[in-house]
Amino acid sequence: MNFIRPNIRHMHGYSFGEQPADPTVIKLNTNEHALPPSPAVAAALARFDTADLRRYPEPTALPLRRRLADLHDLDTRQVIATRGGDELLRLLFTTCIAPDNAFGMITPGYSLYTTLARIADSRIIEYSLTAPTYDLPADLASRMNDDGIRFTCIVNPHAPSGRLYARDTIQRFLDEFRGLVLLDEAYADFVSPQHAWNSPPLLAEHDNLVILRSLSKGYALAGLRVGYGLGQADLIDTLVSKTRDSYNLDAIAQCLALAALDDQTHARASWETVRQARESLRDRLQQLGFQIPASETNFLLARLPAHLTNLTAQAVYQALKARGILVRWFDQPDIRDALRITVGNAEENARLLATLQTILHDDTE
Ligand SMILES: *Cc1c(COP(=O)(O)O)cnc(C)c1O
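Everything numeric in this text was worked out from a predicted model, so none of it was measured. (Residues numbered from 1 in each chain as written. Predicted model: local features only at pLDDT ≥ 70, side-chain atom pairs only at ≥ 80, totals over all residues. Heavy atoms only, no water.)

K.L.:
For this particular structure, what's the right way to read the site of the ligand?
P.N.:
If you check the shell around the ligand, you find Gly84, Gly85, Asp86, Tyr110, Val155, Asp184, Ala186, Tyr187, Ser214, Ser216, Lys217 and Arg225 and nothing else. Contact distances for the ligand include 2.6 Å between an oxygen atom and a side-chain N or O atom of tyrosine 187. The contact in question runs from an oxygen atom of the ligand to an N or O atom on the side chain of arginine 225, over 2.7 Å. If the ligand stood free it would expose 380 Å²; the protein chains cover 93% of that surface. Looking at the shell around the ligand, the element that brings in the most residues is helix α4 (residues 84-96), giving 3 residues. In terms of residue class, the shell around the ligand is made up of 4 nonpolar, 4 polar and 4 charged. (Near = heavy atom within 4 Å. Polar contact = N/O pair within 3.5 Å; in protein donor to acceptor, adjacent residues only side chain to side chain. Areas by Shrake-Rupley, 256 points an atom, 1.4 Å probe, with all protein chains shown as cover. Helix = DSSP H or I, 4+ residues; strand = E, 2+ residues; numbered from the N terminus. Nonpolar A, V, L, I, M, F, W, Y, C, P; charged D, E, K, R; others polar.)

Structure, rendered in structure tokens:
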């Protein structure tokens with residue numbers, strides 16, 4: 001007897017980055033923020049009255065949505081608060097994609113998209129980007145239109161390369177593509193201010209756009225599970241009132257997310273700290289011979305020095321792991337020769353660099 005739908009039976013589950021129990025491990029593998037969240041979050045948690053847990057939380061997280069609407073200069077009806085950005089992705093598949101509809105998977109990208117497309121029983125058509133720039137091909141939208149793609153996700157800044165696509169590129173794609181686009185901005189908080197990156201105004205001109213944001217990365221709250229979506233009021237309202245689980249965000253999560261968002265001073269300073277650490281880590285890794293595209297996120301995609309012919313990225317990943325440092329290595333075409341390294345705090349980055357130096361040096365002897 002097997003009660004499991006065939007598409008689920010035949011799929012692989014999402015592969016998580018490792019979350020080791022050992023607290024001394026240096027974790028540079030899942031793009032968590034290098035610094036703790038705002039002290040305002042700790043204060044809000046201390047003030048939280050557990051007697052209130054007797055009641056159900058605010059059903060649609062209205063105060064949080066109002067705050068987010070203010071932050072992005074949108075209407076509250078254009079904002080949905082979700083259990084991590086991941087829940088927003090799941091809701092879009094549930095709400096917009098019927099079985100057999102085609103999903104356009106841009107690779108390399110966030111592999112959860114594929115997992116969710118398989119759960120939804122979509123047809124998946126892959127579109128490969130080319131290393132090392134991972135540019136979006138100019139004809140991508142027309143190819144997707146020809147293939148009948150109903151839904152695609154563009155992660156910007158791009159993961160796992162960290163590069164930022166220009167506003168023109170995104171706009172041109174939205175103009176041309178006839179399906180729905182989820183613009184995944186999980187890392188947008190780390191974009192350097194000189195780019196003046198601000199996508200929500202695009203919603204006024206493009207009705208096929210939904211924007212994903214997350215508090216996991218920029219607000220150092222991956223453990224809290226809060227993200228949100230921005231889009232057209234009618235689509236967002238459908239997610240909020242029909243396909244979302246009632247009470248998808250618990251009372252503590254709503255309260256702490258508001259506290260974090262209210263402390264924009266802390267958030268902005270933390271993003272600047274990460275940017276500076278990112279640039280200095282990139283310089284030092286380049287001095288070791290790694291090839292690294294410019295990143296606008298809190299991680300770097302580091303390709304192995306060309307002269308190390310007998311050392312693979314997988315071997316370096318394992319050697320780092322044996323020395324208590326976790327980075328991410330993907331067994332996937334095109335990025336098998338690279339490591340994705342989260343920008344850590346000053347001490348973690350220094351340990352990483354010293355350890356890498358030892359590993360590379362041992363190898364050349
Ligand atoms: C982290 C991440 C998300 C969202 O993560 P949540 O923790 O669920 O908010 C979405 N897309 C990408 C590419 C990510 O890296």
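K.L.:
Explanation requested: unusual backbone geometry in the structure shown.
P.N.:
Keep in mind that most residues, glycine aside, have a negative phi and that most peptide bonds are trans. Geometrically, the link from threonine 107 to proline 108 is a cis peptide bond, its omega value of -5° lying close to zero. Its location among the elements puts proline 108 in the loop between β3 (102-107) and α5 (112-119). The residue after alanine 159, namely proline 160, is reached through a cis peptide bond having omega 10°. In this structure, proline 160 sits in the loop between β5 (149-155) and α7 (167-176). At aspartate 73, a residue that is not glycine, the phi angle is positive and equals roughly 60°. Relative to the helices and strands, aspartate 73 is located in the loop between α3 (62-72) and β2 (79-82). By relative accessible area, aspartate 73 is classed as exposed at 71%. (Buried < 20%, exposed > 50% of the residue type's maximum accessible area, 1.4 Å probe, protein only.)

K.L.:
Whenever I open this one, the sheet that holds strand β8 (residues 227-230) confuses me. Can you help?
P.N.:
Strand-to-strand pairing in sheets goes through backbone hydrogen bonds, with the strands running parallel or antiparallel. In spatial order, the strands read β2-β8-β7-β6-β5-β3-β4; together these 7 strands make up an open sheet with mixed pairing. At either end of the open sheet lies a strand with only one pairing partner, and these are β2 and β4 (123-128). Going across the sheet, the axis of each strand differs from the next one's by a mean of 20°, ignoring polarity. Relative to β4, β3 runs parallel, the two being bridged by 6 bridges. By the bridge assignment, alanine 102 is partnered in β4 with arginine 123. Most of the contacts of α3 go to β2, to which it runs at about 125°, and overall it touches β2, β7 (209-214) and β8. (Pairing = 2+ DSSP bridges. Axes fitted to C-alpha atoms, helices over the stretch in contact; angles between N-to-C directions. Contact = heavy atoms within 4.5 Å.)

K.L.:
Can you walk me through the state of the cysteines in this structure?
P.N.:
Enumeration over the complete set of coordinates arrives at 0 disulfides. Cysteine 153 takes part in no disulfide bond, and the closest cysteine sulfur to it belongs to cysteine 96, at a distance of 11 Å. On the basis of relative accessible area, cysteine 153 is assigned to the buried category, the value being 3%. (Disulfide = S-S within 2.5 Å.)

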